[in-house]
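Coordinates in review
Letter by letter, the chains look like this.
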Amino acid sequence: MAKLFSISHFTPLLLPYLLLLLTTTVTAINVTTVLSSFPNLSTFSNLLISSGIATELSGRNSLTLLAVPNSHFTSTSLDLTRRLPPSALADLLRFNILLQFLSDSDLRRIPPSGSTVTTLYEASGRAFSGSGSVNVTRNPSSGSVTIGSPKSSNYVTVLKLLETKPPNITVLSVDTLLVPAGIDLTASETLTPPPSSATSLSPPPAGINLTQILINGHNFNVALSLLVASGVITEFGNDERGAGITVFVPTDSAFSDLPSNVNLQSLAAEQKAVVLKFHVLHSYYTLGSLESITNPVQPTLATEQMGAGSYTLNISRVNGSIVTINSGLVLAVVTQTAFDQNPVSVFGVSKVLLPKELFPKSGQPVPVSAPPHEISLSPESSGEQPERLVSPPRQIVASGAVERTRVALLLELWWCCIAICCVFLV
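Structure report, in brief. The structure displayed is predicted, hence computed values, not measured ones. (Residues numbered from 1 in each chain as written. Predicted model: local features only at pLDDT ≥ 70, side-chain atom pairs only at ≥ 80, totals over all residues. Heavy atoms only, no water.)

A closer look at the side chain of His279
Just so we agree on the cut-off: Note on conventions: DSSP H or I runs of at least 4 residues are helices, E runs of at least 2 residues are strands, and numbering of each starts at the N terminus. Pairs of N or O atoms are called polar contacts if they sit within 3.5 Å, as long as, within protein, a hydrogen donor faces a hydrogen acceptor (for residues adjacent in sequence, only side-chain-to-side-chain pairs). Residue contacts are counted whenever heavy atoms from the two residues lie within 4.5 Å of one another.
Considering the arrangement of structural elements, one finds His279 in the loop between helix H13 (269–277) and strand S9 (280–281). In terms of polar contacts, His279 uses its side chain to reach the backbone carbonyl oxygen of Val275, at 2.8 Å. Those residues within four positions of His279 in sequence are excluded, and the remaining contacts are Thr246, Val247, Phe248, Pro250, Val352 and Leu353.

In structure tokens:
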């Protein structure tokens, strides 16, 4: 009878292959290399290279490219593209890069109402009034997928899914370039705001302006007011240097969902600052790097202030590309990419991240500088002196003495009973 080989015989051969697979999974995708496999996309690939967008994508690993085949680039449209100013051309191409990995199954599950996806254009902070996102829809009867701009009637049709490398990159062949509101391919002038956004805010000035980013986001008003009033937002500017920062900003609806016994406005200034710093990682992460993060427990700026091992966030991924953030008390979900440009990324989150070190289960805050057994109730909200639940040492000792006295009396009664019984027996 022939002897069967055990799996251990193949372990030396399988191990290098498995390591190669793991390395391939976590390595950022080289877009130019991926597109080189498709000669019919050479025009689109060359535009990415000449505009510098290919280099801009080198550190990312969760993308869906809306690539236009050479056959759909007419001489007229290509000439119009070349006549655009470099900045407008770069924005046009950014609008055709989705910051989300969309597999074939993802596209099949899109509801008829559509799904909103952030583009690289939106993440750059250059989009006008949130016009950098796209709506992906699927026709239930025909199965055709279209992608359009919510700020204009412009849309493209997906011709074919050419490449998919989970969980990194998908290449979709589309019938034309998707043009964002504000860019006119029939004119050669620089990017101008769309007619419907005459009252919208101008794009952020040169450099990274976190205040302007949150203003442009439109649904971060409460968070912005807290950051500005506390002065913490100015500290973030200093933390951008070096490894950069990643900011998780609760949306306005997240603040309205706070428990009734949590009042952030009533917190002392130092407590409020700790809560705000708890929403910031002192490292720059793209959405893709958050999805593939190797160490889920991440220190925050509050950790640097309060001590190692405290005020950390647990970041993980569920159901493919949904990034969750666990504060120890609250589980939030990343809902959008508001800004992403090294060294700063800003993500909208569905909940206010309440640190377990500062808020007990009752929802009342613990003073930042308080001893371990000291819990502050209703700080400053009523104008009265806050009460404190403290266990005075003398009271503890006294209560222990009372317990010992009771035990001694019981023992004495017990011995008396035994003595009386012995007398009667004799």
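Once the structure has been displayed, the description carries forward.
Notes on the packing of aromatic side chains
What counts, and what does not: When two rings of Phe, Tyr or Trp (its six-membered ring) have centres within 6.5 Å they constitute a pair, described as stacked for plane angles under 30 degrees, edge-to-face for angles over 60, and tilted for the intermediate range. Partly exposed residues are those whose accessible area sits between 20% and 50% of the maximum for their type, while under 20% is buried and over 50% is exposed, using a 1.4 Å probe and protein chains only.
For the structure on display, the rule yields three aromatic pairs. Measuring from centroid to centroid gives 6.0 Å for Phe95 and Tyr121, while their planes differ by 90°, and the two rings are edge-to-face. Here Tyr121 lies in helix H8 (residues 120–123) and Phe95 lies in the loop between helix H6 (86–94) and strand S2 (97–98), a separation of 26 residues in the sequence. When sorted by exposure, Phe95 lands in the same class as Tyr121, which is buried.

Details of the nonpolar core
What counts, and what does not: For our purposes a nonpolar core is just a set of buried Ala, Val, Leu, Ile, Met, Phe, Trp, Tyr and Cys residues, chained together by side-chain atoms within 4.5 Å.
Residues Phe248, Leu264 and Val346 are the most contacted members of the largest nonpolar core, which totals 53 residues. By size, the runner-up hydrophobic cluster in this structure holds 50 residues, among which are Leu66, Ala90, Ala123 and Leu172.

Things to note about helix H9 (residues 210–217)
Turn by turn, an α-helix covers 3.6 residues, leaving residues three or four places apart pointing in a common direction. Regarding H9, the residues found buried are Leu210, Gln212, Ile213, Leu214 and Asn216. Where H9 begins, the capping side chain belongs to Asn209, and its oxygen is found 3.1 Å from the backbone nitrogen of Thr211. Two residues or fewer after H9 comes His218, characterised by a positive phi angle close to 70°.

Considering the pattern of salt bridges
Let me state the cut-off plainly: The salt bridge criterion pairs a side-chain nitrogen of Lys or Arg with a carboxyl oxygen of Asp or Glu, the two atoms within 4 Å.
On inspection of all chains with the given rule, the structure shows five salt bridges. Between Arg94 and Glu56 there is a salt bridge, with its nearest N and O atoms 3.0 Å apart. You can see Arg94 sitting in helix H6 and its partner Glu56 sitting in helix H4 (residues 53–56), a full 38 residues away along the chain. On the basis of relative accessibility, which here comes to 12%, the residue Arg94 falls in the buried class. Of the charged contacts, one joins Glu357 and Lys356 as a salt bridge, the two residues approaching to 3.6 Å between their closest N and O atoms. Sharing partners across several salt bridges, the network here consists of Glu56, Asp91 and Arg94.

Notes on the sheet that holds strand S7 (residues 169–174)
Counted only if it meets this: Two strands are counted as paired when DSSP detects at least two bridges linking them.
In spatial order, the strands read S2-S1-S7-S6-S5-S4-S3; together these seven strands make up an open sheet with mixed pairing. Of all the strands in the sheet, just S2 and strand S3 (115–118) have a single pairing partner and so form its edges. Of the pairings in the sheet, the one linking strand S1 (residues 63–67) to S2 comprises two bridges and is antiparallel in character. Each bridged residue has a counterpart across the sheet, and for Thr64 the counterpart in S2 is Leu98.

Focus on the pairing of S1
Counted residue by residue, S1 has five buried out of five residues, so it is predominantly covered. Here S1 shows a buried face lined by Leu63, Leu65 and Ala67 and a second buried face lined by Thr64 and Leu66. Where S1 meets S7, five bridges bridge the pair, whose relative direction is parallel. Within S7, the position partnered with Leu65 by the bridge is Val171.

Describing the side chain of Thr118
Within the secondary structure layout, Thr118 lies in strand S3. The contacts of Thr118, once residues within four sequence positions are left out, are Ile97, Leu98, Leu99, Ala123, Ser133 and Thr337.

Some words on the sheet that holds S9
This is how it is decided: Here the axes come from fitting lines to C-alpha atoms, over the contacting stretch only for helices, and the angles between their N-to-C directions go from 0 to 180 degrees.
Read from one edge to the other, the open sheet built from seven strands follows the order S9-S8-S14-S13-S12-S11-S10, with strand pairing classed as mixed. Edge strands, defined here as strands with exactly one partner in the open sheet, are S9 and strand S10 (297–299). The strands touched by H9 are strand S8 (245–250), strand S13 (331–341) and strand S14 (344–349); relative to S14, the strand with the most contacts, the crossing angle is about 35°.

Focus: the environment of Phe339
Within the secondary structure layout, Phe339 lies in strand S13. Separated by 214 residues in the primary sequence, Phe339 and Gly125 place their C-alpha atoms 5.5 Å from one another. Those residues in contact with Phe339 that lie beyond four places of it in its chain are Ala123, Ser124, Gly125, Ile208, Ile213, Val344, Ser345 and Val346.

What to know about the environment of Asp91
In this structure, Asp91 sits in helix H6. Taking relative accessible area as the criterion, Asp91 reaches 0% and is therefore assigned buried.

Observations regarding unusual backbone geometry
The peptide bond linking Asn342 to Pro343 adopts the cis configuration, its omega dihedral lying at 15°. Following the sequence through the fold, Pro343 ends up in the loop between S13 and S14. Residue Tyr311 is not a glycine yet carries a positive backbone phi of 50°. Relative to the helices and strands, Tyr311 resides in the loop between helix H15 (301–306) and strand S11 (312–318).

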